[in-house]
Amino acid sequence: MSDFTKSQLYVLLNRDPFKPLWLVGADLSGADLRQANLSGANLSWANLTGAYLIGANLTGANLSLANLGEANLGGANLRGANLTMANLSGAYLTKANLTEAQLTMADLTGADLTGANLTGANLTEANLTGANLTEATMPNGASYA
């Protein structure tokens, strides 16, 4: 469970929007972060297992080495996010915007990427075993049917 109470998360998410959050290694497992503005946040090494990030703004966020296993990122904006070596196994990324995201060596085993936009994303050595890529737009702009 998350290290933060609901009121602490509320304060964090309603801070000065011009100062990105620094939550390196934070335990946010199971946290409800729907529609949260986490653009530019540093969440490297964070535990976001089972977190609800539906529609969250993670533009340019650093999620390298973060654990997002079973997290719900449906419709989230991850444009330009760094997900290098992140664990996204079993994550729900339906209609997520992963344009130009860094997914080098990310674990996307069993992830649901239905309708996700991966245009310009770097998937070098990413593990996509069992991932659902139905209607996903791939890095070269092609659509996966």
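Definitions and limits used
Residues numbered from 1 in each chain as written. Predicted model: local features only at pLDDT ≥ 70, side-chain atom pairs only at ≥ 80, totals over all residues. Heavy atoms only, no water. Helix = DSSP H or I, 4+ residues; strand = E, 2+ residues; numbered from the N terminus. Buried < 20%, exposed > 50% of the residue type's maximum accessible area, 1.4 Å probe, protein only. Contact = heavy atoms within 4.5 Å. Areas by Shrake-Rupley, 256 points an atom, 1.4 Å probe, with all protein chains shown as cover. Salt bridge = Lys/Arg side-chain N within 4 Å of Asp/Glu carboxyl O. pLDDT = per-residue confidence, 0-100. Phe/Tyr/Trp six-rings, centres within 6.5 Å; stacked < 30°, edge-to-face > 60°. Lys NZ or Arg CZ within 6 Å of the ring centre and 35° of its normal. Core = buried A, V, L, I, M, F, W, Y, C linked by side-chain atoms within 4.5 Å.

(A) Representation of the overall build of the protein chain. Looking only at helices and strands, the protein chain has one helix and two strands in total. Mapped in sequence order, the helices and strands of the protein chain form the string α-β-β. Going through the 145 residues of the protein chain one by one, you find that 42% of them count as buried. A fraction of 3% describes how many contacts in the protein chain between residues 6 or more apart in sequence connect residues 24 or more apart. Surface exposure of the protein chain reaches about 6,900 Å², of which carbon and sulfur atoms provide 53%.

(B) Representation of the pattern of salt bridges in the model. The final tally for this structure, using the stated rule, is one salt bridge. The residue Asp-32 makes a salt bridge to Arg-34 at a minimum N-O spacing of 2.9 Å. Looking at Arg-34, the relative accessible area reads 45%, which means it is partly exposed.

(C) Here's a closer look at the confidence of the model for the protein chain. Averaged over the protein chain, the pLDDT score is 89; the fraction of residues at 70 or greater is 81%. No element of the protein chain has a lower mean pLDDT than strand S2 (residues 143-144), which averages 52, and none a higher one than strand S1 (residues 136-137), which averages 94.

(D) Structural detail: the packing of aromatic side chains. Under the definition given, this model contains zero aromatic pairs. The positively charged end of Arg-34 is found above the aromatic ring belonging to Tyr-52, 4.9 Å away from the centroid.

(E) Here's a closer look at the nonpolar core. Core analysis: the largest hydrophobic core is formed by 46 residues, its most contacted members being Leu-63, Leu-68, Leu-73, Leu-78, Leu-83, Leu-88 and Leu-93. Not counting residues within four places of it along the chain, the set of residues in contact with Leu-68 comprises Leu-48, Leu-53, Leu-63, Leu-73, Leu-83, Asn-87, Leu-88 and Ala-91.

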